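What the coordinates show
Given next are the chains, with one letter for each unit.
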Amino acid sequence: MIQLSNLTKSYTKAKKAVDTLSLTISDGSITAFIGPNGAGKTTTLKMMTGILKPDHGDVLINSYSMAAQPIEAKKQFGFVSDNPDSFLRLKGIEYLHLMGDIYEVSMSDRLERIENYTKRLGIYDTLNDKILSYSHGMRQKIMICGALIHQPNILILDEPLTGLDPQSAFELKEIMREFSRSGKTILFSTHVLDVAERLCDKICIIHQGKIMYDGTLEALKEQYPNTSLEEIFLKVTL
Amino acid sequence: MKKVITLALKLTKTSFVLIDDKKKASGKKQLAFFLLLIVLLIPNFASFGFMTYDMTSFLATINQEQVILALLLQIGVSIIIFSSIFMVPSYLFYAKDIEKLLPLPLTKVQLYCAKLIQIHIYQMGFFLLLILPFVVGYTLAVGFSTSLLLLGFFLWMNAIVTMIATSIVLVLIMSVSPWFKNKDAITLILSMISLGFALYINYSIGGLDLSDPQAIAFSLIQGQQSLAQGFSSFLPHLSASVAMIVSFNWITFITYVVLTLVFITGSIVAFAPILVNIMASFSGSSSTKKMTLKSLRAHQIKPAIVALTTKEIKLLFRTPIYFFNNILVMLILPVIFGFSFIQGTGEEMIEVEALTTFITNQPLILVVVCAGLSALFSTINLVTPTSISREGSSKFHMLLYPVEMSTQLYAKFFSGILVSLIAILPLSIMVIILNLLYMQLGVIWIIASLLSMLIVMIFMNLFGLLVDVYHPKLVWENEQAAVKQNINFLFTFLGSAALIALMVYTLFNLNDIAEWMILGIHGALLIASVLIKRIIETRSMDVLIEH
């Protein structure tokens, strides 16, 4: 479970990027974090994962406070950033083993997971190549595999489908569903409302650093009958 | 043609960067940086200019001033070749703008020509900057002459021919083996070649008294100077150009011009299609062997600190910019020292003997020398003062890992120690050998010297790390900026210089208490190291999260 309480972050004095945001994401759910550009999605995800320090408020990841118990909190989740251009001169396999070492994954578990996820995402044969030679989509895939190597209870993804080919996007969505079915939590930000509509149990609309809606898609549609998610999104964020 | 020139000028303008910064440094900032560079270069330029002036004036008294022009031609063409092997691959094959150019409605010849003009503008700018002081020195000594015009013309033609020839040679190599499309590998190989070339030049001019223009002039006239011979052996085709400068002949000149133009036109038309196809097929890195179960299992579980240190070392060795600035500098110093000895006259050995006798009389000097060299070697590799900077936009991974920040920073510290040891370890061995052969000091002094090196190495690496934790340069697009345009080097270098100065002052000015003072300085370094360690353990996470 992820609990955000009164999370606030300002980059300038004039404007708050995230403004006293409170949110609870329950176990076993897939939640989409949607909002226009500059709404505060990435800032919230960064505070959630310990990359940014909130001005106020705290984040609890499976009851571990990011402020007080950061190491335990960070062990609970895997995070995929929207920027996969990291460790470019490591080979794919070296990167995955590095993640395995950092998250203290046993050799048998990591080999099984590397084989499983890289084959499903179609990058197994390129694992001996440096990440530098990968396309944007392949880099995204290796980062996803790295985030999954310790089988976290929570998966947090920032725009995970960007740059993925249809086959890999399908596989990633399948992996996300499997995760959810096994009682694990997934939170991802996206601009693709269609994906959010088809994949998620819950939707969180953020605008100007505040949560505008937090609930199921069905409940949202009840509020706005005979309206597409796209139209609802535009109404809520205007 | 107008289309090609417009495109070439746009390419030149958009790719010209003095300060690499994602926020794009302003025109004024770039100009200020350029002016600063010029100001810093003035002393060197002035000395080259005056040296050329003196040599030319002397040679003019015996009607031999054109020897200078011949030598300038040889040096100029060498610079052109030297810059071509770097610029051609960078701008023709590895440039980021290639993907944007290929879809444009341009013929392959137009595209190739636009790129060639872009490279040529850069090359000539770089070249003119280097050659200018020599030309000014020559002109001031004997005035402007047609020979000087001829020199300029030959250099210009040579620049174009060399650039085209380099691109063709590279394309032919790349056609034979896709391995050569690996940018990192090519950069490394080319850099090693140019390094070898630089060492050769260093070796060639060794022993020549540069402060005596008459001696240089005599060496040139006699044709026995290894530098001149070296250039000729590298560039045998230059003989015709040199002969024309010294003794002009219209028939030879016209033949030269016609042949050059035929080569340029013919090469562009013949090779443009192949070159553009190669440009379009670039992936930036070659594919290696296929994944097998065996290679999947060929890893052992490592503790986080070992895994992170290994990662640091791998990235330092595999990233060409880091390899050259952080690693190779540690290997090259002994090579340069070695060259000085190989070409030496034997006086160096006398100096070593004199020094060892001096040290035998005052063993504390050995401790200070070892400490100073350790400070220098630990600073010059730039590993820890750029360790956070090198993360750039990937710094967020450090904040994400469920590993204490201090552990992650210690991994960076250990990588700095390992790189420092590349030079400090041989130095330690040398101290032991020199002691056995010459100094024959008590064991206590050798242990003190080795301990001193260790303490200074630990302190300098921790200090560099601390500087980068508080002042990282994280915003960059090119890895070069993380290392070469990083002011952290200055901070650590000043720290290192201050430490050396303090020890040397103590050694020579506080005779009675020098030993205790040097001991005290080492104690202070140890205490400072413990304090830095404490800061890293308690403050680093908070500091890094704020950047």
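Sequence order sets the numbering: in each chain, residues are counted from 1 along the sequence as written. Written order determines the labels here, with chains lettered from A and ligands numbered from 1. Totals for whole chains, interfaces and linings use every residue, but because this is a predicted model, local features are given only for residues with pLDDT of at least 70 and side-chain atom pairs only at 80 or more, for both listing and counting.

1. Structural notes on the overall build of chain A
The way it works is that DSSP assigns letters per residue, a run of H or I at least four long becomes a helix, a run of E at least two long becomes a strand, and they are numbered from the N terminus. Looking only at helices and strands, chain A has nine helices and ten strands in total. Its C-alpha radius of gyration of 18 Å places chain A within 12% of the 18 Å reference for a compact globule of 238 residues. C-alpha atoms of chain A, sized along the principal axes, occupy 50 × 40 × 35 Å. Exposure classes come from backbone-placed C-beta atoms, where a residue is buried if 20 or more other C-beta atoms lie within 10 Å of its own, exposed if 12 or fewer do, and partly exposed in between. For chain A, the residues scored as buried account for 50% of the 238 residues in total. Here the analysis covers contacts within chain A between residues at least 6 apart in sequence; of these, 70% occur between residues at least 24 apart. The globule rule used for comparison is 2.2 Å times the number of residues to the exponent 0.38, while the radius of gyration itself is calculated over C-alpha atoms. Whether two residues are in contact depends on their C-beta atoms, placed from the backbone: they are in contact if these lie within 7 Å.

2. Re the sheet that holds strand β5 (residues 64-65) of chain A
All names here are of chain A. Note on pairing: two strands pair once DSSP finds at least 2 bridges between them. With respect to topology, four strands assemble into an open sheet ordered β2-β1-β4-β5, the strand pairing being antiparallel. Looking along the sheet, the strands with just one partner apiece sit at the ends: β2 (16-25) and β5. Here strand β1 (residues 2-10) pairs with strand β4 (residues 56-61) via five bridges, running antiparallel. Considered in β4, the bridge of Q3 is made with L60.

3. A word on the packing of helix α18 (residues 405-439) of chain B against helix α22 (residues 514-546) of chain B
All names here are of chain B. All axes are obtained by fitting lines to C-alpha atoms, using only the stretch in contact for helices, and the reported angles, taken between N-to-C directions, cover 0 to 180 degrees. For the pair α18 and α22, the least separation of the axes is 8 Å and the interaxial angle reads 95 degrees. Put simply, α18 runs roughly perpendicular to α22. In this structure, α18 uses M405, S406 and L409 to contact α22, whose residues at the interface are I536, E537, S540, M541 and L544. Three categories are distinguished: nonpolar for Ala, Val, Leu, Ile, Met, Phe, Trp, Tyr, Cys and Pro, charged for Asp, Glu, Lys and Arg, and polar for the others, with Gly belonging to the last. Tallied by class, residues from the contact of α18 with α22 come to five nonpolar, two polar and one charged. Angle categories: roughly parallel below 35 degrees, roughly antiparallel above 145, roughly perpendicular from 65 to 115, and oblique for all the rest.

4. Some details on the interface of chain B and chain A
With 32 residues of chain B at the contact, the number on the chain A side is 32 residues. Within the residue set of the side of chain B that touches chain A, elements represented by two or more residues are α12 (293-297), α13 (304-318) and α17 (396-400) of chain B. Among the elements that line the side of chain B that touches chain A, the one with the most residues is α13(B), at six residues.

5. Some words on the sheet that holds strand β8 (residues 185-190) of chain A
Sheet strands associate in pairs through backbone hydrogen bonding, adopting either a parallel or an antiparallel arrangement. Residues and elements named next belong to chain A. Pairing is mixed across the open sheet formed by six strands, whose spatial order is β6-β7-β8-β3-β9-β10. Whereas interior strands pair on both sides, the edge strands pair on one side only; in this sheet they are β6 (77-80) and β10 (210-216). Across the sheet, the axes of successive neighbouring strands diverge by a mean angle of 15 degrees, strand direction being ignored. Bridge analysis of β6 against strand β7 (residues 154-158) gives four bridges, and the strand direction is parallel. The residue bridging G78 from the neighbouring strand is L155, located in β7. Where helix α6 (residues 166-181) meets the sheet, it contacts β3 (30-34), β7 and β8, and its direction lies at approximately 145 degrees from that of β8. Along the sheet face, helix α9 (residues 229-237) touches β3, β9 (202-207) and β10 and points at about 35 degrees away from the line of β9.

6. Describing the environment of A:Y64
Residues and elements named next belong to chain A. Structurally, Y64 can be placed in strand β5. The class for Y64 is partly exposed, based on 16 C-beta atoms found within 10 Å. Taking the C-alpha atoms as reference points, Y64 and R198, separated by 134 residues in sequence, lie 31 Å from one another. Excluding residues within four positions of it along the chain, Y64 makes contact with Q69, E72, A73 and Q76.

7. Concerning the confidence of the model for chain B
Residue and element names in this part refer to chain B. Model confidence for chain B is summarised by a mean pLDDT of 81, while 82% of its residues fall at 70 or above. Each residue carries a pLDDT score, the predictor's own confidence in it, on a scale running from 0 to 100. The least confident element of chain B is helix α9 (residues 226-234), whose mean pLDDT is 54; the most confident is helix α19 (residues 443-470), at 95. Both scores are available for the predicted complex, with the pTM at 0.76 and the ipTM at 0.89.

8. What to know about helix α5 (residues 108-142) of chain B
In this analysis the local bend is the angle between axes fitted, respectively, to the seven residues ending at and the seven residues starting at the residue. The largest bend along α5(B) measures about 45 degrees and falls at B:I131, with the proline B:P133 one to four residues further on. In the segment just after α5(B), B:G143 is the residue with positive phi, at about 85 degrees.

9. Quick notes on the pairing of β1(A)
Residue and element names in this part refer to chain A. In this sheet, β2 lies alongside β1 in antiparallel orientation, the contact comprising six bridges. Across the sheet, Q3 pairs through a bridge with T24, a residue of β2. As consecutive antiparallel partners, β1 and β2 are separated by five residues.

10. Brief notes about the environment of B:L525
Residues and elements named next belong to chain B. Relative to the elements of secondary structure, L525 occurs in helix α22. By C-beta crowding, L525 is classed as buried, having 21 other C-beta atoms within 10 Å. When the C-alpha atoms of L525 and S452 are compared, they prove to be 10.0 Å apart, with 73 residues separating the residues in sequence. Those residues in contact with L525, other than ones at most four positions away along the chain, are I455, V456 and F459.

11. With respect to unusual backbone geometry
Residues and elements named next belong to chain A. Of note, Q151 is a non-glycine position whose phi angle comes to about 45 degrees, a positive value. Structurally, Q151 is set in the loop between α5 (136-148) and β7. Although it is not a glycine, Q208 adopts a positive phi angle of roughly 50 degrees. Within the fold, Q208 resides in the loop between β9 and β10.

12. Structural notes on the domain arrangement of chain A
Interfaces are often sized by the amount of accessible area the parts lose when they come together. Residue and element names in this part refer to chain A. Looking at chain A, the domain boundaries give domain 1 (2-76 + 153-237) and domain 2 (87-151). For each domain, the first and last residues come from an automatic or database assignment. The gap between the C-alpha centroids of domain 1 and domain 2 is 25 Å. Contacts between the two partners involve nine residues from domain 1 and, on the opposite side, nine residues from domain 2. If you tally residues by element for the side of domain 1 that touches domain 2, the top one is α6, at four residues. Taken together, the residues of the side of domain 1 that touches domain 2 break down into four nonpolar, three polar and two charged.

13. What to know about the nonpolar core
Inside soluble globular proteins, nonpolar side chains tend to come together where they are buried. Among buried residues, those of type Ala, Val, Leu, Ile, Met, Phe, Trp, Tyr and Cys that are joined through C-beta atoms within 7 Å form a set called a nonpolar core. With 133 residues, the main nonpolar core has A:C145 and A:I156 as its most contacted residues. For this core, the element with the highest residue contribution is α19(B), accounting for 14 residues. Sequence-distant contacts of A:I156, that is, excluding residues within four places in its chain, are made with A:L45, A:M48, A:T49, A:F77, A:F79 and A:L187. The next biggest cluster of nonpolar side chains, apart from the first, holds 45 residues, and it includes B:L92, B:L111, B:I164 and B:I245.

14. A few points about α6(A)
Residues and elements named next belong to chain A. To estimate how far a helix should reach, multiply one less than its number of residues by 1.5 Å. Look at α6: 22 Å from first C-alpha to last across 16 residues, which is about the 22 Å you get at 1.5 Å a residue. Residues of α6 that are buried: S168, L172, F179 and S180. All buried residues of α6 fall inside an arc of 120 degrees around its axis, so they share one side. Exposed and facing more than 90 degrees away from the buried side of α6 are P166, Q167, F170, E174, E178 and R181. Tucked inside the fold, the buried residues of α6 contact β3, α5, β7 and β8. Working note: the arc is built from the helix axis to C-beta atom directions.

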